[in-house]
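In case you want the letters, here they are:
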Amino acid sequence: MTASFHEDGSPLRFTHPDLPGHPFLLQEGADRWHTPAHRWGSGFAITSRGSGRWSAASGRHEPVPGLTLTITRSPGDTLTETYTWTNTGDRQITLGSLAISLPLRDVYDSAEDSLTRACHAHVWTGGAWSWVLAQPMSGEGPVLGTIVREGALWAYSIESRNIGSGSNVRGHILLHVTDHARNPGAFGGQPEITLDPGQSSTLRLETGFHPTAEAFLAATRPPVTIEHLVAETGASLRIGDRDITSAEHGIVHVDLPGGSRTAVLFHTPQRELVERRVARVLADHRPLHLDAPERHAFVPYDNATGLTQPANGWGDWTDGAERLAMPTLLQQARLRGWGEAGAIDRALHGWSAFARKWLVTDDGTVRRGSHFTERTPRLYNFPWLAHFFADQFRLYGEAADLDLAARIIERAYDLGAIDHLLLGFPEAIRQVAAQLDENDQAARADALRERLAKHAAHFAHLGTALPSHEVNYEQSMVAPLVSLLALDGGHPEALARALRWLRAFGGPQPHVRLRDIGIRHWDGFWFGRERLYGDVFPHYWSVLTAVALTQAGETESAAAIFRANLAAYTADAAATCAFVMPSCVEGIPAHRPDPLANDQDWALTLWLRST
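Heads up: these notes are all about the structure in this document.

Here is what the cut-offs are and how they apply
Residues numbered from 1 in each chain as written. Predicted model: local features only at pLDDT ≥ 70, side-chain atom pairs only at ≥ 80, totals over all residues. Heavy atoms only, no water. Helix = DSSP H or I, 4+ residues; strand = E, 2+ residues; numbered from the N terminus. Expected span 1.5 Å × (residues − 1). Buried < 20%, exposed > 50% of the residue type's maximum accessible area, 1.4 Å probe, protein only. Pairing = 2+ DSSP bridges. Axes fitted to C-alpha atoms, helices over the stretch in contact; angles between N-to-C directions. 1 Å grid on protein atoms, 1.4 Å probe; cavity = no way out; pocket = protein on both sides within 12 Å on 5 of 7 lines; lining within 4 Å. Points joined across faces, edges and corners; volume = space filled by probe spheres on them. Nonpolar A, V, L, I, M, F, W, Y, C, P; charged D, E, K, R; others polar. Salt bridge = Lys/Arg side-chain N within 4 Å of Asp/Glu carboxyl O. Core = buried A, V, L, I, M, F, W, Y, C linked by side-chain atoms within 4.5 Å. Contact = heavy atoms within 4.5 Å. Phe/Tyr/Trp six-rings, centres within 6.5 Å; stacked < 30°, edge-to-face > 60°.

This part covers helix α10 (residues 475-488). Given a rise of 1.5 Å per residue, 14 residues ought to cover 20 Å, and the 20 Å separating the end C-alpha atoms of α10 matches this to within 8%. Counting buried positions over the 14 residues of α10 gives 13, a clear majority of the element. Directly beyond the C-terminal end of α10, a positive phi value near 80 degrees is found at Gly489.

What follows is the structure, given as structure tokens:
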């Protein structure tokens, strides 16, 4: 391993001969928001004797009077570091939070930069068995891994995540020996560490390259094998030599041998959960104080207050756009004969009238919301509305619905959709084209399929030069790219490459909220009420990975991702749009669900559509 160090002894970059241009770490100057304050190994302590920070330098620090930290580093084939905190005072000290910065370059400057010079940081803080895997975003080449060899990590937090740094950076990752002082319940519970006078606590980390993620995992010396992390209520999961079960819907924390902990999910059976959720959507998410058709809209709902949430000029709270998750979930239930048919029919006819009045114009242009001004149409919204009207035609047979679905798709292409990776677009086109064929409109169907084929060819030939969307590069660009190429079938090499990119977004952590769940780190801010700008795990769009894997024939991995997203629901089908995973984001306690139920029902809609 080749590492470059600052004169203070802190690592500045790690270089592998197979990836000569890849720094793996954030670069001061080039990554404008990264400064010496967050160099590798810098951190802070919150204690019963006060709080303080330390720099990344090797040597002796005193972040708090009477508490010393000694940092030693031994470069070689691997970098071995020890962080030893010693109580040099004359009375006991309680360590409430200890944080160490690992500034991995998890950024989206552009698709090309991401795929050549950035990495996904897959973080696992499970106690004594803890590690961080830096996976190149290309999904190729060696991986950089940091493994705990002595001591334990029980949480991670995020700093430098705010409106200033924006949605194209993950932020600074801080690893915590504990974060009890700020969030005692995070990750199933944070320990308090007490040191008597003269007593020490040590964390030893080993960092190096590994040929593959699988080789890295083996090097972490897993204390148990965990194949499955999610099951229906009443079933059991084998964790090491134990069978774990629960009759209640929800997360269960499980202690592992050697001082570690993980989390699994037991969930309500699919039909039962969907029917409960449909009832909640009908009861909670409609502005029934309005006149028709506006009263048939679907809007966000605040679980904390029991109130519906007005848009307030915020695009991600409108009564259009991602809120289509709710009427489309009703359609999926109705297609299966689930739920109260009469109530669902009335809701869908009412919502269709609302959408025709407020969300789509005569030429097929889709609007973001009923009272939301936008400079240009948001193309993301087109396939969702097209698919809605296509399913309306499946349910009720009105020819006007099929015509409108086709018009929306045609209008999207007229507005430049060939340059976009729109969520659900190829699926909507295939369904609408098949319906047109069945209704004596073969020429129109063939025209749609021809445009889809050109769309796939266009992106197959772009390689890494993907155009930026609302974020420069993200999982919800690559998943629809895989879907586009898989459903077209004409570009196998491009599909294989895109699948590598997609798989790299999900890590191998033995935790139901993390394993194979695509990293998304902004949706709590844009869609939630609390504006926490940090990692969301799982996020409902992570099911786009499951959709794409299903289309590519990888159904087992896809099923686990679909079911992991049921962590967004409670037993009575209340929901959250964002579970913000870190213990804190910018010092604000997290590791909790946002109160707003908003757009998470895409997880159920897309699971049902895929099965």
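So, about the sheet that holds strand β19 (residues 250-256). The strands making up a sheet are joined through hydrogen bonds of the backbone, oriented either antiparallel or parallel. Here 3 strands make up an open sheet; going across it, the order is β16-β20-β19 and the pairing mixed. Each having just a single partner strand, β16 (230-232) and β19 make up the two edges of the open sheet. Each neighbouring strand pair of the sheet contributes to a mean axis angle of 30 degrees, computed without reference to strand direction.

Estimates place the volume of the largest pocket at around 1200 Å³. What lines the largest pocket is a set of 47 residues, and nearest its centre among them are Gly507, Pro508, Arg515, Asp516 and Ser557. Every element with two or more residues in the lining of the largest pocket is listed here: β10 (129-136), α2 (213-219), β16, β17 (236-239), α11 (492-504), α13 (543-551) and α14 (555-564). Here the lining of the largest pocket takes 7 residues from α14, the largest share from any one element. Looking at the lining of the largest pocket residue by residue, the classes come out as 23 nonpolar, 13 polar and 11 charged.

One pass over the structure, following the stated rule, counts 41 salt bridges. In this structure, Asp113 and Arg105 form a salt bridge, with 3.0 Å as the shortest nitrogen-oxygen distance. The class for Arg105 is buried, based on a relative accessible area of 2%. We note a salt bridge from Lys454 to Glu450, for which the minimum N-O separation is 3.6 Å.

So, about the nonpolar core. Among the nonpolar cores identified, the biggest contains 188 residues, and Trp85, Leu385 and Tyr473 are the most heavily contacted of them. Once you skip the residues sitting within four places of it in the chain, Tyr473 turns out to touch Tyr108, Ser110, Ala111, Ser114, Leu115, Met137, Asn168, Leu466, Val478, Trp501 and Phe505.

Let us look at the packing of aromatic side chains. Under the defined criterion, the tally for this structure stands at 24 aromatic pairs. Between the aromatic rings of Trp124 and Trp129, the centroid separation amounts to 6.0 Å while the plane-to-plane angle is 75 degrees, which identifies the pairing as edge-to-face. The same class applies to Trp124 and to Trp129, which are both buried. Between Phe525 and Trp526, the ring centres sit 4.9 Å apart and the planes meet at 90 degrees, which makes this aromatic pair edge-to-face.

Quick look at the sheet that holds strand β9 (residues 119-126) now. Strand order in the open sheet formed by 7 strands is β5-β6-β7-β15-β11-β10-β9, with antiparallel pairing between adjacent strands. Two strands close off the open sheet at either side, each with one partner strand: β5 (59-64) and β9. Within the sheet, the average angular offset between the axes of one strand and its neighbour, ignoring direction, is 15 degrees. In this structure, strand β6 (residues 67-74) lies alongside strand β7 (residues 79-87), joined through 8 bridges in antiparallel fashion. Bridge pairing in β7 places Arg73 opposite Glu81.

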